[in-house]
Amino acid sequence: MNALSVNFIAVAAIYLTLVLAIGWFGLRKTKSEEDFLTAGRSIGPWVGGAVLAATQISAGTLVGTVGRHYATGVSWVWVWPGVWCGWLVSAIFVGPKLREVGAVTIPEYLAARFHSEAVRVLSAIFIIGAYMILLVAQYQACGVVFESIFGMRPIYAMGILAISTLLYTTWGGVRSSSYVDFLQILIVVSGLVLSVPVLTYYFGGISTAGSFLKSIEPRLVGSWYNGKQLLGFSLSFGLAIAAAPYEMVRFNSMRDKATVRYAIGVCFLFQAVIGSCVLLMGLLTRALFPSLPSPDQASSIMAMNILPSLIGSLFMVALLSAIMSNVNAILLVTSAGVSHDIYGRCINPHASDGVKLTINRVSIVVMSLFPIWFALRRYSDVQSIVVLQTRFIASFFFIPMVLGLNTKGGSSRSAVGAMLGGIAGCLCWSLWSARHVTNVDAVEVGIACSLLSYLAAKTLDTRHDRIRAADAEA
Amino acid sequence: MRRLRTSYARVWRWSQLLALVILELPAHAQTSVAHLAEYHAVVTFATQREARVTATLKPEAGVLIPSLLLARLRGDHLLEITASDAEGELPIRTSDLPGAVLLTLSAPSSKPGGLLQIHYLVTSNNPLERIPLPTVSLPMFPEQRTVSIEAKLPVGMTAVGEGFPVLIWHSPVQGETRLFDVPSVLAVKIRTDNTVTWRSRLMTASGLSTVGMFTFLGAGSLFWYLRTQMRQSGRS
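None of these values were measured; they are calculated from a predicted model.

Novice: Help me understand the overall build of chain B in this model?
Specialist: Scanning chain B for helices and strands turns up three helices and 14 strands. For chain B, the proportion of its 236 residues judged to be buried stands at 42%. The long-range share in chain B, meaning contacts at least 24 apart out of those at least 6 apart in sequence, stands at 71%. As presented, chain B carries roughly 13,300 Å² of accessible surface, and 59% of it is formed by carbon and sulfur atoms.

Right, dumping it as structure tokens:
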């Protein structure tokens, strides 16, 4: 066993003990389903901001984005402005308004807004489907990391991830996950901030590394992607974040509207640091190890072979904690969809709080195991799976969420139309563009279809209303 | 019960099919990739300012190494670059790129899948801290530690700090490591035995980052403690 493995086990053991302690604390404080899903609406701005950042920073960032920078260089950094625009939209048009409404889950809000149980069930189903794809990416990243460090078979790594995340998710719900997220983001930021100077030093400076990368492939320090491709990626991430159900659930746990805005500002701060570090890590790892077999390995190879063993261990724990945080957030959102929106409304509307809480915990267990089968098959690199998921979320969710919160009118038909139109447009375009060269991203088609369906259904409804009103007058 | 099982199987089959369709979307066309089978580099320091490198590369059977890159590091000079295979010296052309030297082999004289050796001298006006190693665009075979890097120091010299990649020192003057992938540099700080102090051991990348980590944890804990104390005093 090498120095990294020993240090990693020690750091990970300390971290897991802290996580379980927080989970136990959350369990003691959780008395009802609402308490489980919203932490009694008690989270402040700093913990809230860290939670928002931790929820977004996942394997997609620390494995996928590092890998993307490794493979394609600087230009992927232009996706971040899209992410931040998404946060701005969220801070102005979504977060505070949603917090004011005070719904426990996002489908619950949509059902109340459009006066329709069909909207609730459909949105819950779509959320569960889309987030299962994201879970696949998280499990796959975890498998790659453990395989690189310990030579462990990915299925065991995924099993460990599922069990450890399950414990603190099923115990304490949003309260414990919020405090664990706060701890995680501190570890992620410290791990990243300490790693970059070490990498820079080993290659003899950023400008030397830049020149070497230019010699490997000029596009690494120039434009790998063209403007249209970057716009597509930015839109996928930005629109998905602006309407991301698992981020919105976090707004519900915050004290009030002002706390939500403040927390989004804090979240920006964390993300700016993380985004810059991740860019430099990807580029410097490429300079130090120019020919890795897979870009997904860049993070783990960097931690294992480049960083000093203690910092490498801290980075690996940060990475695993980010994966756990993301898995936890996804499980909370999807299980809420099952227990609160599908079971609690459609299957057994008279179910007690206790029964719904049990259903919630059972669904967490089932959904944490389901994606392992798919993750073991490694369909694509981690970041591509994340991009795919953001495309779907943006396509079916952005229009009904943002228009629903900020405009009057719109019926259940327009909401259902927007969701079905968005997902159909995105899916069909993805299938078509897999075989044809195109500069139009699936998310652009998805959003356009969703908006058109929403407006078309709204216009039809208005006409129907006018005809009915005229009939009634007659 | 059988009906339930059949419908369960059908749902499972359909969910698998749907996942296959969705997850296959981002998959790019998989092309077969050629690999490097073995890589061995020996860096022999003559003095603090001069080192000779011999790198031996073996591609997988039937694969040809068309070119190699040597990083151009600040203050380093690359001299006497030659290439050879089992049959003797090979003609090689060097071209200067912005941050590297490109070594191009004449294809007819190098055998596909055969051993290739690159030799060169690295000199600097200051003590050498980074030695460029030749890299190729071929990845190594996954899950096999077939890359070995060896450093040999003259008697009376010693390595300070961990360096990159981390070498295991079998004796004060000979260190070695085995890796999964080929690094582009060997970063090692060497000093004469009588100039090594506790300060020079601490002022390394690993030493400073470890101190940084403990400072961060200490400052964070102190901040947390003081905040809790202030809140408690505010309440009382």
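Novice: Hey, could you run me through the interface of chain A and chain B in this one?
Specialist: Many analyses report the size of an interface as the accessible area lost when the parts associate. Contacts between the two partners involve 49 residues from chain A, matched on the other side by 54 residues from chain B. Carbon and sulfur atoms make up 71% of the area that chain A and chain B hide from each other, which totals about 4,200 Å². Among the residues of chain A in contact with chain B, Y201(A), Y202(A) and Y379(A) are the three that bury the most area, contributing 16% of the side total. One can count zero salt bridges joining chain A with chain B. Summed over the shared surface of chain A and chain B, the number is eleven residue pairs in polar contact (both at pLDDT 80 or more). Here the side of chain A that touches chain B gets eight residues from one element, more than from any other, and that element is helix α8 (residues 154-203) of chain A. In terms of residue class, the side of chain A that touches chain B is built from 33 nonpolar, 14 polar and two charged.

Novice: Which parts of the structure should I look at to understand the packing of aromatic side chains?
Specialist: Where two aromatic rings form a pair, the distance of their centres and the angle of their planes describe that pair. On inspection of all chains with the given rule, the structure shows 15 aromatic pairs over all chains. Here F289(A) and F164(B) contribute two aromatic rings whose centre-to-centre distance is 5.6 Å and whose plane-to-plane angle is 85°, an arrangement assigned as edge-to-face. Taken together, the positions of F289(A) in the loop between α12 (257-288) and α13 (298-306) and F164(B) in strand β11 (residues 157-164) put the pair across two chains. A single burial state applies to F289(A) and to F164(B), both of which are buried. Put simply, the rings of W76(A), Y225(A), F233(A) and F237(A) touch in pairs and so form one group of aromatic residues. Across from the ring centre of F114(A), 4.7 Å away, lies the NZ or CZ of R113(A), which sits over that ring. Its guanidinium or amino end placed over the ring of W224(A), R219(A) lies 4.0 Å from that ring's centre, counting from NZ or CZ.

Quick notes on the rules
Residues numbered from 1 in each chain as written. Chains lettered and ligands numbered in written order. Predicted model: local features only at pLDDT ≥ 70, side-chain atom pairs only at ≥ 80, totals over all residues. Heavy atoms only, no water. Helix = DSSP H or I, 4+ residues; strand = E, 2+ residues; numbered from the N terminus. Buried < 20%, exposed > 50% of the residue type's maximum accessible area, 1.4 Å probe, protein only. Contact = heavy atoms within 4.5 Å. Areas by Shrake-Rupley, 256 points an atom, 1.4 Å probe, with all protein chains shown as cover. Buried area = accessible area lost by both parts, 1.4 Å probe. Salt bridge = Lys/Arg side-chain N within 4 Å of Asp/Glu carboxyl O. Polar contact = N/O pair within 3.5 Å; in protein donor to acceptor, adjacent residues only side chain to side chain. Nonpolar A, V, L, I, M, F, W, Y, C, P; charged D, E, K, R; others polar. Phe/Tyr/Trp six-rings, centres within 6.5 Å; stacked < 30°, edge-to-face > 60°. Lys NZ or Arg CZ within 6 Å of the ring centre and 35° of its normal.

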